[in-house]
Amino acid sequence: MEFLQEQILEYLNRTNKKMNFNTLRKKLNISGESDILLFKQALDDLVENGRLYYDHNEEYQIFNISKLNKVQGKLFISRKGNGYVTIKDKEKGVFNYFIHQCDLNGALSDDIVVLHDLRYMKSDYILAKVEKIVKRNHSRAVFEYHGNGVFTPYNQRTKLTFQVSKRQCENYVYGDRVLVEIEEDNLGKIYDTPVFNGKIVALIGHKDDPKIDIKTIAYDYGFSTEFSKKALEELEKIPMRVSLEEMEGRVDLREQLIFTIDGEDTKDIDDAISIRKENGFYYLGVHIANVSHYVKPGMALFEDAKQRATSAYLIDSVIPMLPHKLSNGICSLNPNADRLAKSVEIQIDKNGQIVDYNIFESVINSKKQMTYTAVNSILEEGNIPEGYEPFVPNLLLMNELATILEESKRKRGSIDFASNEVKIKTDENGKPIYLETRRQRTGEKIIENFMLMANEVIATNFYNMDVPFVYRSHAEPNVEKFIGALEFLKSQDLIDEKRMIRLLDKINNNDLKSYDIAGLLNLIEDDPCFIVMSNMILRCMSKAIYSTHNEGHYGLALENYTHFTSPIRRFPDLMVHTLLDEYKTFERIDEIERVLPSLCEHSSFMERQADEAEEAANELKMSEYMFEHIGETFEGTVVSCNRYGLVVMLDNLVKGRVDFDDMLDGIYYYGTLSHQLINRNDHSKNYKIGDRIFIKVKEVSIPYRTINFYASKENVFESEKPKVRRLDKLN
């Protein structure tokens, strides 16, 4: 394929002509059905990768940006509905393109698009319009029916519609929400709205159904709540008890003191742990649900899991990767039940270093389903809940080991960003009741450190085997963004000139290590705006992905890392378990090497989709919650200053925007050098990141999931005191 693509490019470059499919095929002497199909695939790939341009006359030519005055790239659509495309050129640098919502031409976020009508402005962005969609990355969108054949997008960022017959419309009533498969080809426009061919593939529900918005978000980001008919048929054939035959050949650990630690609401239990100490060494046991025993390649259950790639946790709803009968049943390491597992026993010295390990198949019987709340009560307060007495010595030993592992992480330079996760509690109808911040305490750190070590061991084992494998790779940070963050920290006097120069030298020498970033965070961790600064540096980091190439994990400062410990809810973990099975014989190693890259790419994409769906669900419920507090006054922290105004975060982690017109204590402008908002009449007055200020909830748009505040340095709102809430709860 690569050789054929080079032939095509060489010929079109040499002739400097446009050619249609058949002309080009004949010029290159392509004949025979299989060769023609391969030729078509080669052309499609070249068009998709932006090396060829395919015009409206169905002719191909070299994609010469300066000659065509067009560019091609991946589209991102902001919450406001406008589009952005970033093009990186090794020689010319980075070019950012802005596409107004009305010029998106029906494109969706993550689509590959061609931009035209480029207008170079005196700004950071080049104005452009979407000429055409080369490839839809996620071709499905949610629409709501408004009668008379009219469907409008549920997602307010989307501006398009689709062609549908009157007969199809007879099956739907006003307010129904449907999932639609959208094609690339634009059929034209109706009142400036692009029209595409579309096919309704699922009825999601009615807009007035309970919890319909969370279900809609799930579908909008590619997560179906239904499993295929074949998968459900396979499910009925899976026994819900472990048989003696299934135990044969496994190490029997049922008499060992093995238990689980999870949240109060957890029903899909992936991991269990055990520990002992002999001759100064710790022997840590990590026992993971043997999902690959029940869900194998070729099964419909495996295909459904592959498409989902992950479970999505949307407020109080779970869109599972596997049916609940598996995830909460025979695969879940429930207490006092025999379960099949893949176990890793790790010998660890007093410094937290791995001495030896053993990976094997086992059968376990968890003795207790513990909760983080109970474990934290034991280890932090000395209070032992009833039924936990026999486990206290092991919990103390686990805490001892976890403390050592935590120190080992710190020494090697693992980066520990500030946590700002929020948990939203809802009632039976999905209405938000209160918000609280999640804090990682002792019990959570024990599990995190033990799972990290098991993942590292599995990755190291396969790396040493030199076989195709699924790694969790995390590349170095974005240098441009990190330099920008350093400049901001320097402008706020959070780092001195000496440290700034040292870090810039390391960047210039391509020698910026994870411990440099960890040290920077340690330096500013006592600052009142540490969470804000931590998030700023976090945004400089690359996104961790799944890959067959082992690039190490920069953030964890590990050379080898994978995901092995959550096969119930993550497909890459299930792939790793499957590879453990496959490499007993090495019979299919060539096929594995061929299919793994695309599985990794899809899993990385769906992970991002799940993250965005969870963020959208949180924003929705936060908007619903704050809608009930319009007109009320709170204190908050400035987390962003920009040319549009402020972003303020309340103590319950709700974020809202403050426009310049809504600052009630003066007229302000944005200072590009100071990164502050400065009062036009009194330059000593300003707003900067980290400031504690008063806000009043101005307005909330639930459909757009946006919140707007009034703001003031002083409480100029009601005469009453502001409603200052606890950091961890607002109710």
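Bear in mind that the values here come from a model prediction, so they are computed numbers and not experimental data. (Residues numbered from 1 in each chain as written. Predicted model: local features only at pLDDT ≥ 70, side-chain atom pairs only at ≥ 80, totals over all residues. Heavy atoms only, no water.)

Caption draft 1: Seen up close, unusual backbone geometry. The phi dihedral of F586 is positive, around 65°, even though this residue is not glycine. Locating F586 in the fold gives a position in the loop between helix 18 (571–582) and helix 19 (589–627). Residue class for F586 comes out partly exposed when judged on its relative accessible area of 38%. Non-glycine residue L653 carries a positive phi angle of around 75°. (Helix = DSSP H or I, 4+ residues; strand = E, 2+ residues; numbered from the N terminus. Buried < 20%, exposed > 50% of the residue type's maximum accessible area, 1.4 Å probe, protein only.)

Caption draft 2: Layout of the packing of aromatic side chains. One pass over the structure, following the stated rule, counts 16 aromatic pairs. Measuring from ring centre to ring centre gives 5.4 Å for Y84 and F98, while their planes differ by 70°; the resulting arrangement is edge-to-face. On the criterion of sequence distance, the pair formed by Y84 in strand 5 (residues 83–89) and F98 in strand 6 (residues 93–99) is long-range, its members being 14 residues apart. Residue class for F98 comes out buried when judged on its relative accessible area of 18%. Between F151 and F162 the ring centres are 5.1 Å apart and the planes differ by 40°, which places this aromatic pair in the tilted class. Placement of F151 in strand 10 (residues 151–153) and of F162 in strand 11 (residues 161–163) is noted, with a sequence separation of 11 residues between them. Just as F151 is buried, F162 falls in that class too. (Phe/Tyr/Trp six-rings, centres within 6.5 Å; stacked < 30°, edge-to-face > 60°.)

Caption draft 3: View of the environment of V178. Here V178 lies in strand 12 (residues 176–190). Residue classification places V178 among the buried residues on the basis of a relative accessible area of 0%. Spatially, the C-alpha atom of V178 lies 6.6 Å from that of I200, the residues being 22 residues apart in sequence. Once residues lying within four places of it in the same chain are set aside, the contact partners of V178 are A141, V142, F143, F151, Y172, I200, A202, L203 and I204. (Contact = heavy atoms within 4.5 Å.)

Caption draft 4: Looking closely at the sheet that holds strand 32 (residues 686–687). The sheet built from 3 strands is open, its strands ordered 30-31-32 with antiparallel pairing. Because the sheet does not close on itself, it has two edges, and the strands there are strand 30 (668–671) and strand 32. Note: strand 31 (residues 676–679) against strand 32, 2 bridges, orientation antiparallel. Looking at the pairing, I678 lines up with N686 of strand 32. (Pairing = 2+ DSSP bridges.)

Caption draft 5: Quick look at the confidence of the model for the protein chain. Taken residue by residue, the protein chain gives an average pLDDT of 90. The fraction at 70 or more is 97%. Here residues 719–731 scores under 50 on pLDDT; set against residues more than four positions off or in separate chains, the count is 34 contacts. (pLDDT = per-residue confidence, 0-100.)

Caption draft 6: Structural detail: the packing of helix 9 (residues 300–308) against helix 19. With their axes 8 Å apart at the nearest point, helix 9 and helix 19 run at an angle of 55° to one another. Relative to helix 19, the element helix 9 lies oblique. Touching K306, Q307 and R308 of helix 9 are L599, H602 and M606, all from helix 19. (Axes fitted to C-alpha atoms, helices over the stretch in contact; angles between N-to-C directions. Parallel < 35°, antiparallel > 145°, perpendicular 65-115°, else oblique.)

Caption draft 7: Seen up close, the nonpolar core. In this structure, L326 and F450 are the most contacted members of the largest nonpolar core, which totals 107 residues. Examining the composition of this core, we find that 11 residues originate from one element, helix 19, more than from any other. The residues contacting F450, other than those within four sequence positions of it, are I273, L284, V286, M398, L401, A402 and L405. Residues F482, V638, L653 and F709 belong to the second largest nonpolar core, which totals 57 residues. (Core = buried A, V, L, I, M, F, W, Y, C linked by side-chain atoms within 4.5 Å.)

Caption draft 8: Quick look at helix 16 (residues 514–524). Among all positions in helix 16, only S514, D516, I517, A518, L520, L521 and I524 are buried. Looking at the packing, one finds that the buried side of helix 16 touches helix 12 (392–412), helix 14 (479–491), helix 15 (497–508) and helix 17 (530–538).

Caption draft 9: Representation of the sheet that holds strand 14 (residues 251–252) within the structure. The strand order 14-21-20-17-16 describes an open sheet built from 5 strands, whose pairing is mixed. Each edge of the sheet is formed by a strand with only one pairing partner; in this case those strands are strand 14 and strand 16 (271–278). For strand 17 (residues 281–289) and strand 20 (residues 338–348), the ladder comprises 8 bridges, and the chain directions are antiparallel. Counted as the bridge partner of Y282 is I348 from strand 20. Against the sheet, helix 12 contacts strand 16, strand 17 and strand 20, and its axis sits at roughly 90° relative to strand 16. The strands touched by helix 13 (residues 442–465) within the sheet are strand 16, strand 17, strand 20 and strand 21 (354–365), with strand 21 carrying the most contacts at an inclination of about 105°.

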